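# Residue-level structure breakdown
Letter by letter, the chains look like this.
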Amino acid sequence: MDIFEKCEKPSLAKELKEKGLYPYFHALESRQDVEVMMEGKRRIMLGSNNYLGLTTNPEVVEAGVKALEKYGTGCSGSRFLNGTLEMHLELEEKLGKFLRKDGIVTWSTGFQSNLGIISSLVGMHDYVICDRENHASIYDGCKLSYGKMLRYKHSDMVDLERVLQKVPETAGCLIVTDGVFSMGGDIAKLPEICALAKKYGARVMVDDAHGLGVLGEGGRGTASHFGLEDQVDIYMGTFSKSLASLGGYMASSPAVAEYVRHTSRPFIFSASIPPANCAVALASLTYLEKHPELPAHLRSLSQYAREGLTGRGLKIRESAANVPTPIIPIYTYETYHTLDVSREIYERGVYVNPTLPPATPEGEALLRTSYMATHTKALLDEAMDIIADVMVKNHE
Ligand SMILES: Cc1ncc(COP(=O)(O)O)c(C=O)c1O
């Protein structure tokens, strides 16, 4: 059999392209900002993870340009050998101080961080336990490890305990959860998770890709939001969202970080974060430290959007802990309806992300909208009016 046979078969992507409903790979012709030029037209951006709006911040941009000039375009090798800049060490030290954990390891993407952390720590006789709605990179990290992966129903603590009871007392166990869930925008039940971890002798890792810069004291993330910094053993995070760059990290005790540094294959065998990206992450972190009010401002705008959407008759997925995260999914339920409305909203000048099964359960498709600290209320009103007009008036 020809291994390429599957590539020629009919697929949803091919069908959607034929019907003019294909929603992916729209190209930007401008900076990633609150308003963008996309395929020749102005669109209000309600679909990026640029939560603090720092991708266009003059201080941050200048830091990237200067690093490019000073260090050149890339490092050409891994941190382990020829790819460590003093700036990588500076970034790790600053991040450790900010997050109040002394062991920091960085990878070239957030995705790679999850692959690298989990595959390094979860050995042959260990268990890793995942919330069903965890990010794909966590699942792939589990697959790459030699341990056994078990899953519990989304944020269901009874189910988590049932799963924990299956782990032999002699085995090591790591519970991994998104801090803020990337699609649903809800927050992990960390107090309950940490209590169960203590009861069953497990360790806790939180993927804070969407929590850093968003929740907690000065944007320190989900553990800080709950006052559980001492009970969460590992934070994983990314530089690609609030910190406006590319790359990822783990924050833990120095011993755990040192172990991972010497065993994580995606760390040892992949080129380090390029100079401009490293400088941008560093400058964004510095900016966040100088502006601890930004995450609170983002949350108040997110609350404005939550009220604005429901007030316009739209059904949104609530944030479980009632904290207004900047990820607001609007229920559209059915796949083709979701694609239809998202195309119409896009044509009317607003960019949102349609989220379809298998990323959601069947019949629970969504429009994922996300918000930035640099959005104005006027811009949000304009976007919400368009969304409501398409979804409520035209599709009643
Ligand atoms: C929860 C979560 N973890 C990890 C990642 C991967 O991060 P990156 O895009 O920086 O590789 C993402 C990105 O979408 C994410 O949402």
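Below is a summary of the structure that appears in this document. Because the structure is a prediction, the values reported are computed rather than measured.

So, how was this worked out
Here the residue numbers are simple positions, counted from 1 along each chain's written sequence. In view of the model being predicted, local features appear only for residues whose pLDDT reaches at least 70, and side-chain atom pairs are presented and counted only at 80 or more, with totals across whole chains, interfaces and linings using the full set of residues. Think of the side-chain values as coming from all heavy atoms in the structure, minus any hydrogens and water. For helices the rule is a DSSP run of H or I covering at least 4 residues; for strands it is a run of E covering at least 2, with both sets numbered from the N terminus onward. Partly exposed residues are those whose accessible area sits between 20% and 50% of the maximum for their type, while under 20% is buried and over 50% is exposed, using a 1.4 Å probe and protein chains only. Following DSSP output, two strands are said to pair if at least two bridges run between them. The convention used is that axes are lines fitted to C-alpha atoms, helices contributing only their stretch in contact, and that angles between N-to-C directions extend from 0 to 180 degrees. Should any heavy atoms of two residues lie within 4.5 Å, those residues are considered in contact. Under the convention used throughout, the expected extent of a helix is 1.5 Å for every residue step, that is, one less than its residue count. Residues are counted as near a molecule or strand when any one of their heavy atoms sits within 4 Å of it. For the purposes of these results, a polar contact is taken to be a pair of N or O atoms within 3.5 Å, where, inside protein, one atom must be able to donate a hydrogen and its partner to accept one; residues adjacent in sequence count only when each atom of the pair is a side-chain atom. Only the protein chains shown count as cover for residues, and the accessible areas themselves come from Shrake-Rupley with a 1.4 Å probe. Here, a salt bridge means any Lys or Arg side-chain nitrogen found within 4 Å of an Asp or Glu carboxyl oxygen.

## Overview of unusual backbone geometry
A cis amide bond links proline 357 with the next residue in sequence, proline 358, at an omega value of 10 degrees. Position of proline 358 relative to the elements: it lies in the loop between β12 (353–355) and β13 (365–370). The residue phenylalanine 25 is not glycine, and still its phi comes out positive at about 60 degrees. With relative accessibility at 75%, the residue phenylalanine 25 sits in the exposed group. One non-glycine residue, serine 155, lies in the positive phi region at around 55 degrees. Mapped onto the elements, serine 155 comes out in the loop between β5 (148–152) and α7 (157–164).

## Regarding the sheet that holds strand β10 (residues 327–333)
Read from one edge to the other, the open sheet built from 3 strands follows the order β10-β13-β12, with strand pairing classed as antiparallel. Each of the sheet's edge strands pairs with one partner strand only, and the pair in question is β10 and β12. Between one strand axis and the next, the sheet turns through 30 degrees on average, direction left out of account. Where β12 meets β13, 3 bridges bridge the pair, whose relative direction is antiparallel. Bridged to proline 354 within β13 is leucine 367. Sitting on the sheet, helix α14 (residues 335–347) is in contact with β10, β12 and β13, with an inclination near 35 degrees to β13. Packed on one face of the sheet, helix α15 (residues 377–393) meets β10 and β13 and runs near 20 degrees to β10.

## Quick notes on α15
Over its 17 residues, α15 extends 22 Å from the first C-alpha to the last, a length consistent with the 24 Å expected when each residue adds 1.5 Å. If you check which residues of α15 are buried, you get Leu379, Leu380, Ala383, Met384, Ile386, Ile387, Ala388, Asp389, Val390 and Met391.

## Comments concerning the site of the ligand
Around the ligand sit 15 residues in total, of which Phe111, Asp207, His210, Thr238 and Ser240 are the nearest. Between an oxygen atom of the ligand and a main-chain N or O atom of phenylalanine 111, the distance comes to 2.8 Å. Between the ligand and the protein, one listed contact pairs an oxygen atom with a side-chain N or O atom of histidine 135 at 3.3 Å. Here the ligand loses 84% of its free accessible area of 390 Å² to cover by the protein chains.

## Some words on the pattern of salt bridges
Using the criterion set out here, one finds 23 salt bridges in the structure. Here arginine 317 ties to glutamate 133 by a salt bridge, and the two come within 3.2 Å at their closest N and O atoms. Of this pair, arginine 317 sits in the loop between α13 (294–311) and β10 while glutamate 133 is found in the loop between β4 (127–131) and α6 (136–144), placing the two residues 184 residues apart along the sequence. Classification of arginine 317 as buried rests on a relative accessible area of 15%.

## Re the environment of threonine 310
Of note, threonine 310 is situated in helix α13. With 66 residues separating them along the chain, threonine 310 and alanine 244 place their C-alpha atoms 30 Å apart.

Read these as spatial facts, not as claims about activity.
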